[in-house]
Structure formats: C-alpha cells, structure tokens
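Residue strings, one per chain:
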Amino acid sequence: MFIGHLPAAYLLGQAVRKTFPSMQLSTSVILSAALVGGILPDFDLIYFYTIGEKQVVHHKYWSHTPFYWLVIYLTCATLTLLFQYKKAFRILSIVFSAIMLHLILDTITGTIYWLHPYSATAFTFVQVPAVHQWWVANFIMHWTFGIELLLLVIAAMLFLKRGI
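Conventions we followed
Residues numbered from 1 in each chain as written. Predicted model: local features only at pLDDT ≥ 70, side-chain atom pairs only at ≥ 80, totals over all residues. Heavy atoms only, no water. Helix = DSSP H or I, 4+ residues; strand = E, 2+ residues; numbered from the N terminus. Rg over C-alpha atoms; globule rule 2.2 N^0.38 Å. Buried < 20%, exposed > 50% of the residue type's maximum accessible area, 1.4 Å probe, protein only. Contact = heavy atoms within 4.5 Å. Lys, Arg positive; Asp, Glu negative; His and termini not counted. Charge placed at Lys NZ, Arg CZ, Asp CG, Glu CD. Expected span 1.5 Å × (residues − 1). Arc of directions from axis to C-beta. Phe/Tyr/Trp six-rings, centres within 6.5 Å; stacked < 30°, edge-to-face > 60°. 1 Å grid on protein atoms, 1.4 Å probe; cavity = no way out; pocket = protein on both sides within 12 Å on 5 of 7 lines; lining within 4 Å. Points joined across faces, edges and corners; volume = space filled by probe spheres on them.

Q: Which parts of the structure should I look at to understand the overall build of the protein chain?
A: If you tally the helices and strands in the protein chain, you get seven helices and zero strands. From first element to last, N terminus to C terminus, the protein chain shows the α and β order α-α-α-α-α-α-α. Taken against the 2.2 N^0.38 rule, which gives 15 Å for 164 residues, the C-alpha radius of gyration of the protein chain at 17 Å falls within 12% of a compact globule. Dimensions along the principal axes, computed over C-alpha positions, put the protein chain at roughly 50 × 40 × 30 Å. Evaluated residue by residue, the protein chain yields a buried proportion of 40% over its 164 residues. Summarising the internal contacts of the protein chain: among those between residues at least 6 apart in sequence, 58% fall at separations of at least 24. Side-chain charges of the protein chain comprise 9 positive and 5 negative groups, with the mean position of each set lying 21 Å from the other.

Shown next as structure tokens:
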C-alpha cells in the first residue's frame, strides 16, 4: 500500500465519529488518532532506510506484526481503564483500530505475519509479479492499486462534502 493508508484511516475516523457520537471526543481528536494509527506501522521505514540499510523488508519488523500491537494495546488499555482515563482509552482504541486497518491493507499485496510468534506463516492476498525493473512500478501498474485510488477518491469526496 502506497497511498491508501491515510485515506483509509480518515474514513475509519469518520466512521467512528458518526457511529459513536457520544464518545465525548472532538472530531479533530478522533481524526488525528485515526490518521496517526493509520501510518504508525510505517514509522519503521525510518529505520529501514537509515540504520537497516534496506537489508530486511520492513514488513518483517515488529511494527508490522499484529501480536506486538495487541500486547501494547492491551497493556495500555488496562492501565487507562485501571486509572479510569476513559478519554485516553477511547483515543487508544481508535489508534489501535487504525493500526489493524493498516495491517489488513498491507496484507492485500504485502506479507504480514498475523500468527507470529506462534507461526512463521506470512499472509498475503495477492502476489504482485515483478514485471517492471523499478519495484514501485510493479505495484502502481497492478490492478490492486485501484483499491488505493478508490480509497483516495472516497475520502476526498467525503472531505470535500464535510469540510473535515
């Protein structure tokens, strides 16, 4: 996924806002939490392009492994509920939902280790063949890029209709 994560996260944030109007969070907080969560797993790209020197596909890093996000979420959720930080729990849940959405979207053409650490099986829905010399072109020219464009168009239309 190249351009689909932020539009998908925006749509998730809007869905949360509309579905749970009594959440007691402002629209900007809900959308910010969704947008941050929507790209959070890709912060590993900083390591990938610097210290990691592109030696290992970034989907193999812990930040693209659902298990670790679940452990982080459950730990933080337990603490927020224990100390009765209801707003923090709601924000955390939106961020976690957006992270899971990111990983689901990455599973379309990338590999995600959904059962790690219990299995080394990598999951992907569609294999993108390497037919172009530049690896990015393989993804942009593949039919699955249409999913990303569709997410972008729907998010843009909703944004233009609502203003935020």
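Q: Please explain helix α2 (residues 27-39) as it appears in this structure.
A: Because each turn of an α-helix spans 3.6 residues, side chains separated by three or four positions in sequence point in the same direction. End to end, α2 covers 19 Å across 13 residues, agreeing with the expected 18 Å (1.5 Å per residue, within 8%). Within the span of α2, buried status applies to Ile-30, Leu-31, Ala-33, Ala-34, Gly-37 and Gly-38. Along the axis of α2, the buried positions cluster into a sector of 160°, meaning they face one direction only. Where α2 is buried, its residues meet α1 (5-19) and α5 (86-109).

Q: I would appreciate a short explanation of helix α7 (residues 145-162) in the present structure.
A: Between its terminal C-alpha atoms α7 stretches 26 Å, which fits the 26 Å expected from 18 residues at 1.5 Å a residue. Looking at the packing, one finds that the buried side of α7 touches α1, α5 and α6 (135-140).

Q: Mind showing me how you'd approach the packing of aromatic side chains here?
A: Centre-to-centre distance and the angle between the planes together describe a pair of aromatic rings. One pass over the full model with this rule turns up eleven aromatic pairs. Consider the rings of Phe-2 and Phe-139, whose centres lie 5.7 Å apart with planes at 65°: the pair is edge-to-face. In this pair, Phe-2 is assigned in the segment before α1 and Phe-139 in helix α6, connecting sequence segments 137 residues apart. A relative accessible area of 35% places Phe-2 in the partly exposed class. With a relative accessible area of 23%, Phe-139 lands in the partly exposed category. Connected via pairs of aromatic rings, a cluster forms that spans Phe-2, Trp-135 and Phe-139.

Q: What is the right way to look at the layout of surface pockets in this model?
A: Empty space among the atoms becomes visible once a probe the size of a water molecule is rolled across them. By volume, the largest pocket amounts to about 680 Å³. Residue lining of the largest pocket: 26 residues in total, with Val-57, His-58, His-59, Trp-135 and Phe-139 positioned closest to the centre. Sorting the residues of the lining of the largest pocket by element identifies α1, α3 (44-49), α5 and α6 as the ones contributing at least two each. By volume, the second largest pocket amounts to about 150 Å³. In terms of lining, the second largest pocket is formed by Val-16, Phe-20, Ser-22, Met-23, Phe-89, Arg-90, Ser-93, Ile-94 and Ser-97.

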